[in-house]
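The primary structure of each chain is shown beneath.
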Amino acid sequence: MAAPKKGRRSPGGQGRPGRVLALILIAMVALTGGMFASGRTTPRLGIDLAGGTSFTLEAKNEPGKPNAINPTNMNTAVGIIERRVNGLGVTEAEVQTQGDNHIIVNIPKGTNAKQARQQVGTTAKLGFRPVLSVAPGAKTEPTPNASSSAKDSGKDKDGKAKDDKSKPSGAPSASASAGASPSSSASPRQQGRPVTDAVKADATPSASAVAKDDKAKDEKKDDAKKDDGKKDGKAKEPTPSPADVAALQKKLDALDCTTPEGRAKAGEAASSAATSDVIVACKKDGSAKEILGPVSVEGTGVSSASAVFDSQQGRGWLVQLKFDSSGSKKFADVTGQLASKQPPQNQFAIVLDGEVVSDPSVSTSITGGQAEISGGFTQASAQDLANVLSYGALPLSFDVVTEQTVTAALGGEQLRAGLLAGAIGLALVIVYLVAYYRGLALVALASLLCSAILTYTIMVLLGQAIGFALNLPAVCGAIVAIGITADSFIVYFERIRDEIREGRTLRPAVERGWPRARRTILVSDFVSFLAAAVLFIVTVGKVQGFAFTLGLTTLLDVVVVFFFTKPLMTLLARRKFFASGHPWSGLDPKRLGVKPPLRASRRRPSAPVDPKEA
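A brief structural summary. All residue numbers refer to positions counted from 1 along the written sequence of the respective chain. Residue-level local features of this predicted model are given only where pLDDT is at least 70; pairs of side-chain atoms are given and counted only at 80 or more, and the full residue set underlies all totals for whole chains, interfaces and linings. Here the side-chain values reflect all heavy atoms present in the structure, with hydrogen atoms and water set aside.

## Some details on the pairing of strand S2 (residues 94-98)
Strand residues, when the strand is regular, have side chains that alternate between the two faces of the sheet. Just so we agree on the cut-off: By definition, two strands form a pair when at least two bridges between them are found by DSSP. Secondary structure elements follow DSSP: runs of H or I of four or more residues count as helices, runs of E of two or more count as strands, with numbering from the N terminus.
In this sheet, strand S3 (residues 102-108) lies alongside S2 in antiparallel orientation, the contact comprising five bridges. The residue of S3 that forms the bridge with valine 95 is valine 105.

Pasting the structure below:
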């Protein structure tokens, strides 16, 4: 008798079915409470149900770069496009690769489709701009009137102190790689110098100072034109007037980089500016805002960039970059200019799509076409900066090959159609269960209700935790799960019926039929889960929603059968309605084909055994 007892040791055994039922009921209550506590009681809907816009971008190689389409470049492009979409204020957008050369962008409803198309379809703009002025990222209060500000700001020491404070501590610095020699021939009258002087003049706006600065500007303008004519014949950009500088300072004061909306607005304005314009931009983390001079080096001048760990000199993670011949010359010129200036005007900003991703300082002219950026990088931050720099030379362009707009009405119709299909399928299952299993249908329906509650609450919570969106294929997966879950109940019910056909009463039949049904259910669910896992791995886009939902409901089917259906059957087997084989219980011996002579014939051979034992 010891062996049968061991075989019956399972969740929901005869001695403790109530405890197991209480456990799963507590889990259901906890999940439901967590759903209401999160403030969201409906699943997050995908673009095909909630409405929105979907773009398909096709990557193309630039001339002379036949092997540019590779996973690294595509993933970098996904990160750039995702940042652009987030800059539009979209919090539930999906950006992912599809195949080898396509990127899918799904943007929910409420987003300007025309603006989104312009953002995702244009090539990223990367450039190196000199830093003219730095201020904290928060909005600056308006300054007093001209007379009072002239009195308060007429001291050069205070102005210098403000400049020193404006430079963030621990900022990255740029240095020359091995073999690069400093250059001392850089002229102080190069591009960006007049703007810097104008910013300084704005900090000390006394009448005499302005008059002197205007005269100095005129002289420098003439000298710059002469030098440029002798050097390369290029016309120099005109020096901004005090009014222009004041307008820039006003724009800088009004800018609030601490909010995503402020950074998005500043990035849009900066990215649309010409390369020769002076701009106002935010740092990526919103900690500072800066006035930046014209672009000194285009991002296309960067030939390569990589993140490396310096173990020899103990500088930690740094970013190494190489320039082509044109970029190398321009970078040497601009670093030569910046090296002779005071902070923060000895910094250059690396600007991507109007956003400052880094602003290292320069202490010497960097020649030779190679440079290193170091200073407090982690592996992740160094790799991110290297990817940004590499994207400036990314030989890829993207074309919008398809654009599909799904209205909320169409999404609602699809959702209603899916729910209607699910309701019809569920109704057919219920009719079948009631007609064939009668009283046992109550057990199946209670189990289906338990599975539905668990599935719904988990989907709502996953929408906030990992961004899971319920799309139409996911709804199809949930509908298919109804059949998978009902199939597990049918397997168990049929095992119980087989035991009753062999002449056993209900309580032993429930316990003896469970081990056989358990093995079948586990094998069946394992195959379903394996198919869902493979489908999720090898597919992309909306099909993954179907695979994810199918896998989730398959796991929940195992939980429900083990911790709800089996304990519930154990409790019902003790009730007279089921134990006596009532015709409406679904366990009537006559309906199951059990014949009394069969039971009698099995009892007769056991009688002669007693005398032998005596």
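From this point, things continue past the structure.
## Side note on unusual backbone geometry
Backbone torsion omega between proline 343 and proline 344 reads 0°, so that peptide bond is classified as cis. Residues other than glycine seldom take positive phi values, yet arginine 438 does so here, at roughly 50°.

## Topic: the packing of aromatic side chains
Just so we agree on the cut-off: In this scheme Phe, Tyr and Trp rings, the latter by its six-membered ring, pair at centre separations within 6.5 Å, and the angle between planes marks the pair as stacked below 30 degrees, edge-to-face above 60, and tilted otherwise. To sort residues, take the accessible area from a 1.4 Å probe on protein chains only and compare it with the maximum for the residue type: under 20% means buried, over 50% means exposed, and anything in between is partly exposed.
Counted under the stated rule, the structure contains 14 aromatic pairs. Ring geometry for tyrosine 432 versus tyrosine 436: centroids 5.8 Å apart, planes at 5°, classification stacked. Residue tyrosine 432 and its partner tyrosine 436 are located together in helix H14 (residues 408-437), separated by four residues, close to a single helical turn. Residue tyrosine 432 is classed as partly exposed on the basis of its relative accessible area of 41%.

## Observations concerning the side chain of serine 54
The test is simple: The contact criterion used throughout is that any non-hydrogen atoms of two residues lie within 4.5 Å.
Relative to the helices and strands, serine 54 resides in strand S1 (residues 52-61). Discounting residues that sit within four places of it in the chain, serine 54 has contacts with Ile47, Ile104, Val105, Asn106, Thr402, Glu403 and Gln404.

## Concerning helix H15 (residues 440-465)
Note that an α-helix has 3.6 residues per turn; residues three or four places apart therefore point the same way. To keep it simple, the criterion reads: Multiply 1.5 Å by the residue count of a helix minus one, and that product is the helix's expected span.
If you check H15, its first and last C-alpha atoms are 37 Å apart, about what 26 residues at 1.5 Å a residue would give, namely 38 Å. Remark: glycine 467 follows H15 within two positions and exhibits a positive phi of approximately 80°.

## Quick word on the environment of phenylalanine 398
For phenylalanine 398, the location among the structural elements is in strand S15 (residues 396-406). On the accessibility criterion, phenylalanine 398 (9% relative accessible area) is buried. Sequence separation between phenylalanine 398 and isoleucine 103 is 295 residues, and the spatial gap between their C-alpha atoms is 9.1 Å.

## Here we look at the sheet that holds S1
Put simply, the rule is: To get an axis, a line is fitted to the C-alpha atoms, and for a helix only the part in contact is used. The angle between two axes follows their N-to-C directions and goes from 0 to 180 degrees.
The antiparallel open sheet is built from four strands, whose spatial order is S2-S3-S1-S15. The open sheet terminates on both sides in strands that have one partner only, identified here as S2 and S15. Pairwise comparison of adjacent strand axes, ignoring direction, gives a mean angle of 20° for this sheet.

## Examining the nonpolar core
Looking at soluble globular proteins, one finds that nonpolar side chains tend to be buried together. Selection criterion: As used here, the term nonpolar core means buried Ala, Val, Leu, Ile, Met, Phe, Trp, Tyr and Cys residues forming a set that is joined through side-chain atoms within 4.5 Å.
Formed by 49 residues in total, the largest nonpolar core has its most connected members in Phe493, Ile496, Ile500, Leu506 and Met569. Elements supplying a minimum of two residues to this core: helix H2 (17-37), H14, H15, helix H16 (472-501), helix H17 (506-538) and helix H18 (543-572). Discounting residues that sit within four places of it in the chain, phenylalanine 493 has contacts with Tyr437, Leu440, Val443, Ala444 and Met569. Counting residues in each nonpolar core, the second largest holds 27 residues, with Val319, Phe348, Leu352 and Leu385 among its members.

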